[in-house]
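Chain and residue survey
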Amino acid sequence: MDDKHAHDIKKHLKVYIGVFVALLVGTIVTVAVSRVNLGHAGNISLALVIAVLKAALVAGFFMHLVSEKKPIYTILVFTAFFFVGLMALTIWAMNDSPEQTTTTGQAPPAHAAPAHHVP
Amino acid sequence: MTNTFDYWFKHKLLDLPYLASRHGEHVDDLIVYVHALMAVLFVGWLAYFLYAIFRFRKSKHPKADYVGVKGHVSNWIEGGVAVVEAILLIGFAVPLWAKVVTKPPSEKESTMIHVLAKQFNWNAHYAGPDGIMGRQDQALAAASGGSDPFGVDRANDPNARDDVVVMDNFVVPVNKPVLAYVTGLDVIHSFAIRSMRVCQDAVPGLRIPTWFTPTQEGEYKITCAQLCGNSHYHMSGILKVVSQAEFDKWLAAGSEKARKNTAPKSYE
Amino acid sequence: MQPTTEETQQHAAHGAHHEELGFWRKYIFSTDHKVIGIQYGLTGLLFLFFGFCLMMLMRWQIAYPGKPMPVVGEFLQKLLGDEMVNKGVMLPDLYNAFGAMHGTIMVFLAIVPVAFAAFGNFVVPLQIGAPDMAFPRVNMASYQAYFLGGVVMFFSFFIPGGAAKSGWTSYSPLATLADMGHHPNGQTFWILGMVLLITSSLLGAVNFIATIIQLRAKGMTWMRLPFFVWAQFVTAFLLLLAFPPLEAAAILQLMDNVAGTSFFLPTGLAAPGTTTPLPISGGGSPLLWQHLFWFLGHPEVYVLILPAMGIVCEIIANNTRKPIWGYKSLVYSVLCIGFLSFIVWAHHMYLTGMGTKIATFFQTTTMIISIPSVIILTCFFISLWGGSIRFTVPMLFALAFLPMFGIGGLTGLPLGFNFTDLHLHDTYYVIAHFHYVVAPGTIFGLFAGIYYWYPKATGRLMNEFWGKVHFWTSLIFMNLIFQPMFAQGMAGLGRRMYDGGVTYAGADDPAAGLVGVPQWVFGMNRHISWAAWMLGLAQIPFIINFFLSMKKGQKVTSDNPWGATTLEWQTPTPPPHGNFDRPIEVHRGPYEYSVPGHDGDFTPQTEPEQR
Amino acid sequence: MDIPYVVQPREDTGLFNAKVGIWLFLASEVMLFGALFSSYILLRVGSINWLYGEAKDLNVWLGTANTAVLITSSITMVMAWASLKLNEFGKFKAYMGATILLGLVFMVIKAFEYNAKFHHGHFPAAHTFYAIYFTLTGLHALHVLGGMVVNSFYWGPGSKMWKTDPVRFTNRVEIGGLFWHFVDLVWIFLFPVLYLL
Ligand code: HEA
Ligand code: HEA
Ligand code: CUA
Ligand SMILES: [Cu+2]
């Protein structure tokens, strides 16, 4: 391993520590804001935003995505696209039904069901 | 409708079954158009194909030509296919679906029924002569031991007392839209009456409307189009299309019978 | 390929590599891509035959409902028990089990393994000039997972309650409720088998993609790849990204089946055949299963067809002795199909209650995806023009593929418009549509490939005469089976009918009585069944030819008996471990046939530029 | 011929084989967990009696602790790899050992949580929330377990390769690390989604 390389790695180590600290802070922040009432949508969005940021840190630095090669990016871009397609189209489909479609069935109280598998 | 070219094309060439609903005409028309497109493409390509393999067989054409076809005929053909598909899509399939499938008529102007599919029969709930659907309660359905899968609350809901529930033998008046709210009780079934050109999955947990306007009196098979268990093949019902007068009579009689049968019994 | 220092070092480190391997290492636990390809091929063909046998039995019940099965009836009763067969008569549960398993076996245990894994394994590394797959041991693990999956599926026939019986689509809630009396039941086995098969496909897909990206020989640029490699590349991506959602769905359904959860079971769901609600927590969604299933299901059908298209392309170029017309359009089309196939899936669900907007989205994408298929077919057709066509057995199958796929593909259009699907959904029209693409389509492609690459694998040719007998009889009977099904479906005959649909029989006109499926449909049932059994007979020459030619077939005198341009023909026959005995460098595109100014009518990809 | 680019990257792609392989595998994992997340969203949106806050009876503190544990294990993992890059095998052993131990801690905490749930009768069948909770965390735990097995191999018998082929060994650890970080990444989503929202 040549010196330049070793030097690079040493620089990376600092970054790793920084990311680590940021992740811990992010975790604490997530828990903290979940205690604050920002409305249902607000809490969910904020938590997801923080999660995405944390995930980006892990992927970007621990997994070296920031300096990865092009074929990897290509693969991941398609994956992300299909994932979004799966999620978005499914949700869309579930919410677009013929007019006057309704749901049936009554909700049981939360813990009414027995714990074991009856059938 | 016999003996016209239209009839010949649809029923003799394409083997479409008997048609007895209003929107079915459009379904059949679109089926014809699509098949015409397919036929043109298929026959055209097949003729070309047979000619090409005949003309360029090795014994006749020992030295192959490196370049082959020049020019852009193929682009025109591909473009043409795309255009025709777009026309069929935008001009027919989408607007017809919007009109016929996802926009049911109002309950007032139609014969409204609730259709409940369960292993392995078809059940229908009619509002009765008062025209108001009685309340349904699943607990009652369960308590009925299967005799009333809808659980019509005759004891508590005055609108329910005249309601009619039938199994496997549906009756509807001719020339008036039938609005059916389809649901399943146990597994997914599919409410299909081929002569009416309707098919709607009966999904447990969802109540989905489907509708059609019968144009011919007569009896038609109701079939189940979704695998629903070992007697799926045997899950058949009959849709009887009758005149309005006959229907009213039938409904009144059924309603009377229902009152009598359930009067003394209370569900409390 | 010049060995780099790094490679030489490795060579030293793995010196043991070239010692003679024992029988087990060589044939059973081999890591050589060619051996694994052949393992996949033989196992897959056996399953293909098995799946066909299930269908031949079902066709008996369809043609002669309620009559005891000839010859095997008694035996099956002993084997599978009285709940499945009664007095030699197939019972509805067995019919449904056979139907579900026919679909599952054909798709996941026969066609995918043969078209993707067998041909892909054997041919792709050779065609790109690689010594093996990128991860040989992963490759072996992939085959083993497949084999185990097959074993699990196979043995599910013999457990109490029998095999899964809710269709190859295993729609919930039926899949959970169909066999509640037994735990674990056939459906549990189906799910476990599927998880193994999915794992196998994922491992295979990772391997194929990595191999194609990384191990192309020097000079083998992307636009010099044979179309077959492109087809396999796209197929691998479909498997890689579409299968995991089905795996997720399978895990959820497994939880529903064994842990009593309600992922796919809505509130208020009644126990089968009763009005009493099941004691479950509820709150699930049956349609969620369908979305996850078809998210795989539609890409899967392209998994079934793309490899066959790739094979057909190779064989057409070789037997017309001219370049494939529109190579670039082919590549872009296949990429386009791959991409679009992820966003059309809900065309299988038009009748589950779809609003106009979402249905419009899915039918639009469905129509768009048919265009690249048209382009691919058009390129193949135009390639014929100006050729010098040799009607070898592989070429016959490849040629027949074109109109057969044409019929199957074109009949996808009326299904793709939701408004016409309204009438055709779940009828035999659908059955006919997709069998035209997978049976006389894909299976013919596979036959073509087998006849074509057989000499590379064995050093011997298959018998030409019996090959032609096999071809013509198969062509005729395939059409006699599936053509009438269009008419049946159009007339309203539903699929998955234990009695062949006679319960729904009726008059053709209200004046003549109860209107139902017209009578002629049932006569057709019998004709179709006879054609299916004849198709079975028509495979005998193939099976004999296949095995006999290994020992008795005419020996090839050259490593390149067809005079082909692609790299797999530049290896010794059969190719040794490591494939090439000399460094490979590629100088030109894959289909340089009859190049003006060159000697002979083909110029191998390895041939340096002449000056 | 031997398989090329097992150790050194291919010139035009800049990647060695296993790097391509692991990212492809992770892409499929994204789709797997993506489908499960989509299912979760759908079921939750469609539900009329979802469980919130206290009703879920999850221990947020244990969840938070476990998040910290996994994050820490991620940095020790990347440090283990960097140590190899810096030619410090001893440090590698220490960091890798720590990673495995942290994985173990995660699993033990998880086991306690599961046990508490069962104790209170919160079985998967009780409510769709628990069904989701057990399925997702269970699948995730299987991944942690898989990662631990691989890491243990690199820590123990597999580390012999350091002597014969250090570059290849470093690559292997990098690949293992990519998987381990991905597992961490999944948890980063699971934690708020299951425990907090
Ligand atoms: C290999 C498999 C395969 C392929 C390639 C296709 C291709 C297509 N399929 Fe098919 N399909 C299946 C396998 C396949 N399908 C299966 C298995 C099912 C049923 C699953 C089940 O329910 O169990 C199904 C069901 C199915 C449905 C659901 C039907 C229903 O349940 O109601 C629909 C609806 O849109 C559909 C549409 C299409 C379309 C538009 C194409 C298009 O991609 C087709 C494009 C092709 C062309 C347009 C042909 C182009 C060729 C020419 C123009 C040249 C002609 C040549 C000559 C005449 C020589 N298919
Ligand atoms: C790839 C998929 C595939 C293939 C190839 C086939 C092939 C065939 N299928 Fe299949 N079929 C399905 C997938 C497939 N099917 C699916 C998914 C369903 C729906 C299931 C459901 O409803 O859930 C279905 C349903 C289905 C039905 C409807 C059943 C019903 O709805 O009740 C019918 C009816 O006739 C049928 C018939 C046939 C026939 C006659 C063949 C023939 O073409 C078979 C041809 C086979 C051969 C000719 C065998 C060749 C083998 C060899 C030569 C072996 C050689 C061996 C060695 C050398 C070792 N199939
Ligand atoms: Cu009910 Cu099929
Ligand atoms: Cu499809």
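Here the structure is shown first, and the text comes after it.
The paragraphs below set out a description of the structure included in this document. (Residues numbered from 1 in each chain as written. Chains lettered and ligands numbered in written order. Predicted model: local features only at pLDDT ≥ 70, side-chain atom pairs only at ≥ 80, totals over all residues. Heavy atoms only, no water.)

This part covers the overall build of chain C. Summing up its helical and strand segments, chain C has 19 helices and 2 strands in all. Whereas a compact globule of 611 residues would reach a radius of gyration of roughly 25 Å, chain C reaches 25 Å, a difference of no more than 12%. Reported as C-alpha extents along the three principal axes, the dimensions of chain C are approximately 80 × 55 × 55 Å. Expressed as a percentage of the 611 residues in chain C, the buried residues total 71%. Counting contacts in chain C only where the partners sit at least 6 residues apart, residues at least 24 apart contribute 77% of the total. Of the accessible surface of chain C, which amounts to about 18,400 Å², a share of 68% is contributed by carbon and sulfur atoms. (Helix = DSSP H or I, 4+ residues; strand = E, 2+ residues; numbered from the N terminus. Rg over C-alpha atoms; globule rule 2.2 N^0.38 Å. Buried < 20%, exposed > 50% of the residue type's maximum accessible area, 1.4 Å probe, protein only. Contact = heavy atoms within 4.5 Å. Areas by Shrake-Rupley, 256 points an atom, 1.4 Å probe, with all protein chains shown as cover.)

Turning next to the arrangement of the chains. Of all 5 pairs of chains that touch, the greatest number of contacts is found between chains B and C. Taking C-alpha atoms as the reference, chain B and chain D come no closer than 11 Å and do not contact one another.

This paragraph deals with the site of ligand 2. All names here are of chain C. Every one of the 34 residues lining ligand 2 counts as a neighbour, but R59, Y95, H102, H435 and R496 are closest to it. Within the side chain of R59, a nitrogen or oxygen atom sits 2.8 Å from an oxygen atom of ligand 2. R495 places a polar side-chain atom, nitrogen or oxygen, 3.4 Å from an oxygen atom of ligand 2. Those elements that provide at least two residues to the shell around ligand 2 are α3 (33-63), α5 (92-128), α16 (428-458), α17 (464-490) and α19 (540-552). Class assignment of the residues belonging to the shell around ligand 2 gives a composition of 25 nonpolar, 6 polar and 3 charged. (Near = heavy atom within 4 Å. Polar contact = N/O pair within 3.5 Å; in protein donor to acceptor, adjacent residues only side chain to side chain. Nonpolar A, V, L, I, M, F, W, Y, C, P; charged D, E, K, R; others polar.)

Okay, the coordination of the iron atom of ligand 1 next. All names here are of chain C. In this structure, the iron atom of ligand 1 receives exactly one donor atom from the protein: H433 (NE2), at 2.2 Å. For the pair the iron atom of ligand 1 and the copper ion (ligand 4), the metal-to-metal distance amounts to 4.5 Å. By secondary structure assignment, the location of H433 is in helix α16. (Donors = N, O, S within 2.8 Å, 3.2 Å for Na, K, Ca; no water.)

Take the site of ligand 1 next. B:F42, C:Y302, C:D421, C:H425 and C:H433 are the nearest of the 32 residues found near ligand 1. With respect to ligand 1, the side chain of C:H425 contributes an N or O atom lying 2.7 Å from an oxygen atom. One of the side-chain N or O atoms of C:R495 is found 2.8 Å from an oxygen atom in ligand 1. Elements with a minimum of two residues in the shell around ligand 1: α2 (24-55) of chain B together with α10 (286-320), α12 (356-384), α13 (393-410), α14 (412-416) and α16 of chain C. The greatest single-element share of the shell around ligand 1, amounting to 6 residues, is contributed by α12(C). Here the residues of the shell around ligand 1 are counted per class, giving 19 nonpolar, 11 polar and 2 charged.

In this structure the tally under the stated criterion is 103 aromatic pairs over all chains. Taken together, a centroid distance of 5.4 Å and an interplanar angle of 55 degrees make the contact between C:W222 and C:F233 tilted. Within this pair, whereas C:W222 is found in the loop between α8 (186-214) and α9 (227-259), its partner C:F233 is found in helix α9, the two being separated by 11 residues in sequence. Directly above the ring of B:F54 sits B:R57, whose terminal nitrogen or CZ lies 4.5 Å from the centroid. (Phe/Tyr/Trp six-rings, centres within 6.5 Å; stacked < 30°, edge-to-face > 60°. Lys NZ or Arg CZ within 6 Å of the ring centre and 35° of its normal.)

Scope: geometric values only; no functional claims are made or implied.
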